[in-house]
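Overview (structure and organization)
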Amino acid sequence: MSGKNVLMKLFFGGIIFLFAVALAYTTANYLDEGGGYTHSSKYWLVLMSASVVYILLGVTVSSVFPVSLGFLFSSDVLILHALGARYNEIPDPAKTALVAIILIILYVFAWQKLGDEPPSPSASQSTLQSAP
Amino acid sequence: MAVMEILAFVLISPFLILALGLTGIALWTWSGVFTSAPVLSLFILFIVFIVIWGRVRETGRTMTPPQQLVLVRRAAIIISIAILLPTFARYAVQSLHSSLPGVIFALIFGFWLILWGLMMRDRRTLMYGNIVGGALTVMYAYSWLWELGEFPRIIAAAFGLAAAVGIAVFKLKDKLIS
């Protein structure tokens, strides 16, 4: 894969990201009943719904790298914005469950993908040879 | 191969960014426990990132770009686990209305994490995350126990003593015998 190809993928991923975020925010603003600086619950509901749809789309098209990347990063932005704005309003059991789910995924990923590499055979052989 | 590694990293990175973002939000609200200034939590995050960045730069000179990406990924996971573990304990304690059994659960959970981290041999990412996260959880549980009165303080001191003796015997057994 050439460097130009990777650059094109990143570029289109960025374009999809920007349009996905713009679509979610413009829709949420349009449906917002409060308007201005105070947003209604419908605003946050639209943002969370959009993020769920984007995650599903991103996972579904994971073989098409730029599309998946754009949707997943835009869902990141929407979820973090909604969480950051209304984090104190979430009840404690729900926060506990949310953090537990994130922790479980992190543990599974670290356990399966980030184990320490075993020493290479050549290195262990040279160690054996140098031993008295 | 290197490009594929980078692509794999980019695909997993949305979740890591989400986890780090949640960590930042939790740290922001967490700051109310120890101090009223959220600036302190941002300062701690800033220091942690500076240390990790220095480490990546230092070891990165002899590493290929995919290896550097793995190092960054490990650092992101260690930070997330280390901060989300005490956050989880905090919310669990608050869900149990900050009762004494809830705080004792957090204390046992913290010591268990430290022990689990000490026992790990070939997974350093989880080892560091568990030890740091467990230590922060234990500190949080102790700060709660101290607030609850005289009897919980006795429990705190006794539990700490038992755990310290247990860990020392477990980790230093070979050295004591030899």
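Please read these numbers as outputs of a predicted model, since none were measured by experiment. (Residues numbered from 1 in each chain as written. Chains lettered and ligands numbered in written order. Predicted model: local features only at pLDDT ≥ 70, side-chain atom pairs only at ≥ 80, totals over all residues. Heavy atoms only, no water.)

On to the overall build of chain A, then. A count of helical and extended segments in chain A gives five helices and zero strands. In chain A, the succession of α and β elements from N to C terminus is α-α-α-α-α. For chain A, with 132 residues in total, the buried portion stands at 33%. The long-range share in chain A, meaning contacts at least 24 apart out of those at least 6 apart in sequence, stands at 53%. Total accessible area computed for chain A in this model is approximately 8,100 Å², and 70% of it derives from carbon and sulfur atoms. (Helix = DSSP H or I, 4+ residues; strand = E, 2+ residues; numbered from the N terminus. Buried < 20%, exposed > 50% of the residue type's maximum accessible area, 1.4 Å probe, protein only. Contact = heavy atoms within 4.5 Å. Areas by Shrake-Rupley, 256 points an atom, 1.4 Å probe, with all protein chains shown as cover.)

Moving on, we come to the overall build of chain B. Assigned secondary structure in chain B consists of six helices and zero strands. From first element to last, N terminus to C terminus, chain B shows the α and β order α-α-α-α-α-α. Here chain B holds 178 residues, and the buried ones make up 41% of them. Long-range pairs, those at least 24 residues apart, make up 67% of the contacts in chain B between residues at least 6 apart in sequence. Working note: accessible area of chain B is about 9,700 Å², and carbon and sulfur atoms make up 74% of it.

On to the interface of chain B and chain A. Contacts between the two partners involve 41 residues from chain B, matched on the other side by 33 residues from chain A. Here chain B packs against chain A, burying approximately 3,500 Å² in sum over the two surfaces, 78% of which is carbon and sulfur. The tally of links from chain B across to chain A stands at five residue pairs in polar contact (both at pLDDT 80 or more). Elements represented by at least two residues in the side of chain B that touches chain A include exactly α1 (2-34), α3 (65-95), α4 (100-119) and α5 (124-148) of chain B. (Buried area = accessible area lost by both parts, 1.4 Å probe. Polar contact = N/O pair within 3.5 Å; in protein donor to acceptor, adjacent residues only side chain to side chain.)

Put simply, chain B has an average pLDDT of 75, and 67% of its residues get 70 or more. When mean pLDDT is compared element by element in chain B, α4 of chain B scores highest at 87, while helix α2 (residues 39-60) of chain B scores lowest at 64. (pLDDT = per-residue confidence, 0-100.)

With that out of the way, let us pick up the packing of α4 of chain B against α5 of chain B. Residues and elements named next belong to chain B. Here α4 crosses α5 at 155°, and the two axes come no closer than 7 Å. Of the possible angle classes, the one that applies to α4 and α5 is roughly antiparallel. The handedness of the crossing between α4 and α5 is left-handed. Taking contact as the criterion, the partners of Leu100, Val103, Ala106, Leu107, Phe109, Gly110, Phe111, Leu113, Ile114, Trp116, Gly117 and Leu118 in α4 are, on α5, Met127, Asn130, Ile131, Gly134, Ala135, Thr137, Val138, Ala141, Tyr142, Trp144, Leu145 and Leu148. Among the residues forming the contact of α4 with α5, the class breakdown is 19 nonpolar, five polar and no charged. (Axes fitted to C-alpha atoms, helices over the stretch in contact; angles between N-to-C directions. Parallel < 35°, antiparallel > 145°, perpendicular 65-115°, else oblique. Left-handed = near helix turned anticlockwise from the far one by under 90°. Nonpolar A, V, L, I, M, F, W, Y, C, P; charged D, E, K, R; others polar.)

Glancing now at α4 of chain B. Between the first and last C-alpha of α4 of chain B there are 29 Å, a value that for 20 residues agrees with the 28 Å anticipated at 1.5 Å per step. Restricting attention to buried positions, one finds in α4 of chain B the residues Gly102, Val103, Ala106, Leu107, Phe109, Gly110, Phe111, Leu113, Ile114 and Gly117 of chain B. (Expected span 1.5 Å × (residues − 1).)

Under the defined criterion, the tally for this structure stands at 10 aromatic pairs over all chains. With centroids separated by 5.4 Å and ring planes inclined at 35°, the aromatic side chains of Tyr54 of chain A and Phe71 of chain A adopt a geometry described as tilted. Pair noted here: Tyr54 of chain A is in helix α2 (residues 41-60) and Phe71 of chain A is in helix α3 (residues 65-86), with a separation of 17 residues, a long-range link. Like Tyr54 of chain A, the residue Phe71 of chain A is buried in the burial classification. Among the aromatic residues, those joined into a ring-pair cluster are Tyr107 of chain A together with Phe88, Phe105, Phe109, Trp112 and Trp116 of chain B. In this structure, Lys95 of chain A is placed above the aromatic ring of Tyr87 of chain A, and the distance from its NZ or CZ to the ring centre is 4.8 Å. (Phe/Tyr/Trp six-rings, centres within 6.5 Å; stacked < 30°, edge-to-face > 60°. Lys NZ or Arg CZ within 6 Å of the ring centre and 35° of its normal.)

All names here are of chain A. Contact geometry for α2 and α3: axes closest at 8 Å, N-to-C directions at 150°. In terms of axis orientation, α2 runs roughly antiparallel to α3. By crossing handedness, the relation of α2 to α3 is classed as left-handed. Across the interface between the two elements, Ser41, Tyr43, Trp44, Leu47, Met48, Ala50, Ser51, Tyr54, Ile55, Leu57 and Gly58 from α2 touch Ser68, Phe71, Leu72, Ser74, Ser75, Leu78, Ile79, His81, Ala82, Ala85 and Arg86 from α3.

The next thing to look at is the nonpolar core. Membership of the largest hydrophobic core comes to 44 residues, with the highest contact counts inside it found for Tyr87, Leu103 and Leu106 of chain A together with Ile77 and Ile81 of chain B. Among the elements of the structure, α3 and α4 (92-113) of chain A together with α1, α3, α4, α5 and α6 (150-177) of chain B are those that each provide at least two residues to this core. Val21, Val46, Leu47 and Tyr54 of chain A belong to the second-largest nonpolar core, a separate cluster that totals 14 residues. (Core = buried A, V, L, I, M, F, W, Y, C linked by side-chain atoms within 4.5 Å.)

Residue and element names in this part refer to chain B. The phi torsion at His97 lies on the positive side, around 60°, for a residue other than glycine. As for its position among the elements, His97 is in the loop between α3 and α4. Overall, His97 belongs to the exposed group, its relative accessible area being 71%. Residues other than glycine seldom take positive phi values, yet Ser98 does so here, at roughly 55°. Note that Ser98 resides in the loop between α3 and α4.

Our focus in this paragraph is the side chain of Thr125 of chain B. Inspection of the secondary structure assignment puts Thr125 of chain B in helix α5. Accessibility expressed as a relative area gives 2% for Thr125 of chain B, which makes it buried. At 2.8 Å, the side chain of Thr125 of chain B and the side chain of Arg74 of chain B are in polar contact. Residue contacts for Thr125 of chain B: discarding those within four places in its chain leaves Ala110 and Leu114 of chain A together with Arg74, Ile77 and Ile78 of chain B.

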